[in-house]
Amino acid sequence: MLLKIHGADNDSYCYTGGKTFNPALPTAVFIHGGQNDHSVWILQTRYFAHHGFGVLAPDLPGHGRSQGPALASIEELSGWLESLLDAAGVTKAILIGHSMGSLVALESAGRAAGSTRIAGIALVGTAYPMKVADALLDAANNDQQSAIDMVNIWSHSTISPKPSAPGPGFYVQGASQRLMQRIARQSDSKPTVFHTDFAACNNYANGEQAAQAVACPTLFLLGQHDVMTPAKAAAGLITAIRHAKVVQVDASGHALMAEQPDAVLDHLYRFATAALRSPTAVAPAAIGG
């Protein structure tokens, strides 16, 4: 599905899980991470779309099929996401974000405090602050293949996933590498999309304030062996969002959706359906409390 976002001349693409999007349904919004696109959510989006949810899995600007330049900050991405929800006619949404996408979900939920549109957020492979090493930032701008190699190695918990996972002949690391290479080919100028994404994560400074404002049900879904965003790096956000549920996914690194797709789907779907039944007016944590 292509959408025209208010104030932009470029088309924005949203994958809808193989079904025509229906804004009358509660909407599950899947937000990908840096140097990725909607395809990282294929299993989860298709299941949600065939089990009671409308699905929007956007390619963020400058990624995949969405046109325009990549946006340079988490705040800009959050504003773009709000405009996308407006354009799609969404009135009730569960925001599900991975890595950079988790910061976008967090910022959006913080901004929406007091509104009933955001019914819940799931933060997958998250951390705050989400700092990026200088060497990786430099490579993301000047040697993208080296940056891809670093991220690919650090994002997976093993070089030998469980047999036939998620299907016979499927190469988890190879799929991730090819996706990042495809996004890199779309970026023919500097700063690259890769650098823009990782710099946005590195520079985001509003996470604590956003977390303190979050009033909706919240899930932290963290990889047991994640070295990109270690589980302990989410501790500050978990403390700030006192009502949050925290789940650790065994035998998984940062690429949770690829390494443990069924476990991720099960946790997300249970959370989303429960969040829709729960009152969203949870009192946010007091600042400094």
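Rules and cut-offs
- Chains are numbered independently. Their residues run from 1 in the order of the written sequence.
- Predicted model: local features are reported for residues with pLDDT of at least 70 only, side-chain atom pairs are reported and counted for 80 or more only, and whole-chain, interface and lining totals are derived from all residues.
- Side-chain descriptors were evaluated using all non-hydrogen atoms of the structure, hydrogens and water having been removed beforehand.
- Here a strand is any run of E in DSSP of at least two residues, a helix any run of H or I of at least four, and the numbering for each starts at the N terminus.
- Each residue after the first adds 1.5 Å to the expected span of a helix.
- Note on contacts: a residue pair qualifies if any of its non-hydrogen atoms lie within 4.5 Å across the two residues.
- Any pair of Phe, Tyr and Trp rings, taking the six-membered ring for Trp, is counted once the centres come within 6.5 Å. Such a pair is stacked with planes under 30 degrees apart, edge-to-face with planes over 60 apart, and tilted for the rest.
- The buried label goes to any residue with under 20% of its type's maximum accessible area, the exposed label to any with over 50%, and the partly exposed label to all in between, with areas taken from a 1.4 Å probe on protein chains only.
- For a ring to carry a charge above it, either NZ of a lysine or CZ of an arginine must fall within 6 Å of the ring centroid while also lying within 35 degrees of the normal to the ring plane.
- In protein, a polar contact means a hydrogen-donor-capable atom and an acceptor-capable atom, both N or O and within 3.5 Å, with residues adjacent in sequence counting only if both atoms are side-chain atoms; elsewhere, any N or O pair within 3.5 Å suffices.
- Put simply, a patch holds well-exposed residues, over 30% relative accessible area, that have no salt bridge, with like charges counted together within 9 Å and Val, Leu, Ile, Met, Phe, Trp or Tyr side chains within 5 Å.
- The method behind every accessible area is Shrake-Rupley, applied with a 1.4 Å probe, and residues are considered shielded solely by the protein chains displayed.
- Salt bridges, as used here, are contacts in which a Lys or Arg side-chain nitrogen is within 4 Å of a carboxyl oxygen on Asp or Glu.
- By the counting scheme adopted, Arg and Lys are positive, Glu and Asp are negative, and His together with the chain ends is not counted.
- We put the charge of a Lys on NZ, of an Arg on CZ, of an Asp on CG and of a Glu on CD.
- Inter-axis angles, ranging from 0 to 180 degrees, are taken between N-to-C directions of lines fitted to C-alpha atoms, where helices are fitted over the stretch in contact.
- An angle below 35 degrees is treated as roughly parallel, one above 145 as roughly antiparallel, one from 65 to 115 as roughly perpendicular, and anything else as oblique.
- In a left-handed crossing the near helix is turned counterclockwise from the far helix by less than a right angle, and in a right-handed crossing that turn is clockwise.
- Polarity classes work like this: nonpolar for Ala, Val, Leu, Ile, Met, Phe, Trp, Tyr, Cys and Pro, charged for Asp, Glu, Lys and Arg, and polar for all others, with Gly in that last group.

## Examining helix H2 (residues 74–88)
Here's step 1: Spanning 15 residues, H2 covers 21 Å between terminal C-alpha atoms, matching the ideal 21 Å at 1.5 Å per step.
Here's step 2: Directly after H2, the chain includes Gly89, whose backbone phi takes a positive value near 75 degrees.

## Topic: the environment of Thr116
Here's step 1: Within the secondary structure, Thr116 sits in the loop between helix H3 (100–111) and strand E6 (118–124).
Here's step 2: Counting along the chain gives 35 residues from Thr116 to Leu81, while the straight-line C-alpha distance between them is 16 Å.
Here's step 3: With residues up to four places along the chain from it excluded, the contact list for Thr116 reads Thr91 and Lys92.

## Here we look at the packing of aromatic side chains
Here's step 1: Tallying each qualifying case throughout the model produces 8 aromatic pairs.
Here's step 2: With a centroid separation of 5.3 Å and an interplanar angle of 80 degrees, the aromatic rings of Phe48 and Tyr269 are classed as edge-to-face. Taken together, the positions of Phe48 in helix H1 (residues 42–49) and Tyr269 in helix H11 (residues 261–277) put the pair 221 residues apart, joining distant regions of the chain. The same class applies to Phe48 as to Tyr269, namely buried.
Here's step 3: Ring centres 5.9 Å apart and planes at 75 degrees place the aromatic pair Tyr128 and Tyr204 in the edge-to-face group. With Tyr128 in the loop between E6 and helix H4 (134–142) and Tyr204 in the loop between helix H7 (193–203) and helix H8 (207–213), the pair connects residues that are 76 residues apart, well separated along the chain. Comparing Tyr128 with Tyr204 shows no difference in burial state: the two are buried.
Here's step 4: Three or more aromatic residues link up through ring pairs in this structure, and these residues are Phe30, Trp41, Tyr47, Phe48, Phe53 and Tyr269.
Here's step 5: Cation over ring: Arg65 sits above Tyr13, and NZ or CZ is 4.6 Å from the ring centre.

## Brief notes about the side chain of Thr229
Here's step 1: By the secondary structure assignment, Thr229 is in the loop between strand E7 (218–223) and helix H9 (235–240).
Here's step 2: Looking at Thr229, its side chain comes within polar contact range of the main-chain oxygen of Gly125, at 3.1 Å.
Here's step 3: In terms of polar contacts, Thr229 uses its side chain to reach the side chain of His254, at 3.0 Å.
Here's step 4: In this structure, Thr229 is in contact with Gly125, Thr126, Ala127, Met130 and His254, ignoring residues within four places of it in sequence.

## So, the environment of His38
Here's step 1: Residue position: His38 is located in the loop between strand E3 (27–31) and H1.
Here's step 2: When residues no more than four places from it in sequence are discounted, the contact partners of His38 are Tyr13, Tyr15, His32, Ala57, Pro58 and Asp59.
Here's step 3: A polar side-chain atom of His38 sits 2.8 Å from a polar atom in the side chain of Asp59.

## What to know about a negative patch on the surface
Here's step 1: A surface patch of like charges, here negative, comprises Asp134, Asp138, Asp143 and Asp149.
Here's step 2: As for its placement among the helices and strands, Asp134 is situated in helix H4.
Here's step 3: A relative accessible area of 66% places Asp134 in the exposed class.

## Here we look at the packing of H1 against H11
Here's step 1: Across the interface, H1 lies against H11 with an axial gap of 9 Å and an inter-helix angle of 40 degrees. Regarding the angle of H1 to H11, the classification is oblique. Considering how the two elements wind past one another, H1 and H11 form a crossing that is right-handed. Mapping the contact onto sequence places Leu43, Gln44, Tyr47 and Phe48 in H1 and Pro261, Asp262, Val264, Leu265, Leu268, Tyr269 and Ala272 in H11.
Here's step 2: Across the contact of H1 with H11, the residue classes break down as 9 nonpolar, 1 polar and 1 charged.

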